[in-house]
Amino acid sequence: MKSVQELMNEHEGIQLMLFILQNVAKKIVAGENVPREEMEGIMEFLTVFVDKCHHGKEEDFLFPALEAAGIARDGGPIGVMLQEHERGRHHIADMKKALGDFTASGIEVAGFQKAVEEYVSLLNQHIFKENNVLFPMAEKVLSADDDKRLFENFEKLEVERIGLGKHEEFHALMDTLADKYR
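Now for a description of the structure that goes with this document. All figures in this text were calculated on a predicted structure; none of them were measured in a lab.

Quick notes on the rules
- Residues numbered from 1 in each chain as written.
- Predicted model: local features only at pLDDT ≥ 70, side-chain atom pairs only at ≥ 80, totals over all residues.
- Heavy atoms only, no water.
- Phe/Tyr/Trp six-rings, centres within 6.5 Å; stacked < 30°, edge-to-face > 60°.
- Lys NZ or Arg CZ within 6 Å of the ring centre and 35° of its normal.
- Axes fitted to C-alpha atoms, helices over the stretch in contact; angles between N-to-C directions.
- Helix = DSSP H or I, 4+ residues; strand = E, 2+ residues; numbered from the N terminus.
- Parallel < 35°, antiparallel > 145°, perpendicular 65-115°, else oblique.
- Left-handed = near helix turned anticlockwise from the far one by under 90°.
- Contact = heavy atoms within 4.5 Å.
- Salt bridge = Lys/Arg side-chain N within 4 Å of Asp/Glu carboxyl O.
- Buried < 20%, exposed > 50% of the residue type's maximum accessible area, 1.4 Å probe, protein only.

Moving on, we get to the packing of aromatic side chains. Taken as a whole and assessed by the stated rule, the structure comprises 3 aromatic pairs. Through a chain of ring-to-ring contacts, the aromatic side chains of Phe45, Phe49 and Phe170 assemble into a single cluster. The ring of phenylalanine 170 has lysine 166 lying over it, and the distance from NZ or CZ to the ring centre is 5.1 Å.

Encoded structure:
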């Protein structure tokens, strides 16, 4: 399914950024300087790409389509995914709060490190569940027409929520940061 494959491809990019985030956190904990614009780029990626775009595609389109196809929200995988999306939002807020004004004196290092560890752990487990449980379910219960509609809605959401060319900017950011923080 084209829609599911798009989400899985996005998972690969998200996991790369999680790896980068972990390495950036190690530098911060070690007292090393991380440029403000890089931290702002990472936080924007997590807030805009992961949450508004990727999770938006799932929450606004995939999950309702799965519910319409008979997969329960409450007590089922959709409900779990929604709870995890919300927990992820709290971890991002905690990271931003701990970062303060992005200066050495403004960063609450222990709080940042804890929020990063919890967020990375949550998202890696979340991605595993989606890739190995939820998405195979979607492939079984959704029709080719459902898939086409989902994919079209995903493309529309991306333009409306993050804007034309922003997806490519995020990929360029990932490439630049991966070269530096691998």
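For the pair helix α2 (residues 36-68) and helix α4 (residues 109-141), interaxial distance at closest approach is 13 Å and the crossing angle is 30 degrees. As the angle between them shows, α2 and α4 are arranged roughly parallel. Read as a crossing pair, α2 and α4 show a hand that is left-handed. Where α2 abuts α4, its residues Met39, Leu46, Val50, His54, His55, Glu58, Leu62, Phe63 and Leu66 lie against Phe112, Tyr119, Leu123, His126, Glu130, Leu134, Phe135, Ala138 and Val141.

Another aspect to go through is the pattern of salt bridges. Evaluation of the coordinates by the stated rule reveals 17 salt bridges. Put simply, arginine 161 and aspartate 60 hold a salt bridge, and the shortest N to O gap is 2.3 Å. One end of the pair, arginine 161, is in helix α5 (residues 144-162); the other, aspartate 60, is in helix α2, with 101 residues separating them in the sequence. Classification of aspartate 60 by relative accessible area gives partly exposed; the value is 35%. The closest approach of N and O atoms between lysine 148 and glutamate 152, which form a salt bridge, is 3.4 Å. Linking lysine 148 with glutamate 152, this pair stays in helix α5, spanning 4 residues, or about one helical turn. Note on glutamate 152: relative accessible area 44%, which makes it partly exposed. Each of Glu6, Glu10, Lys57 and Glu158 takes part in salt bridges that share partners, so that together they form one network.

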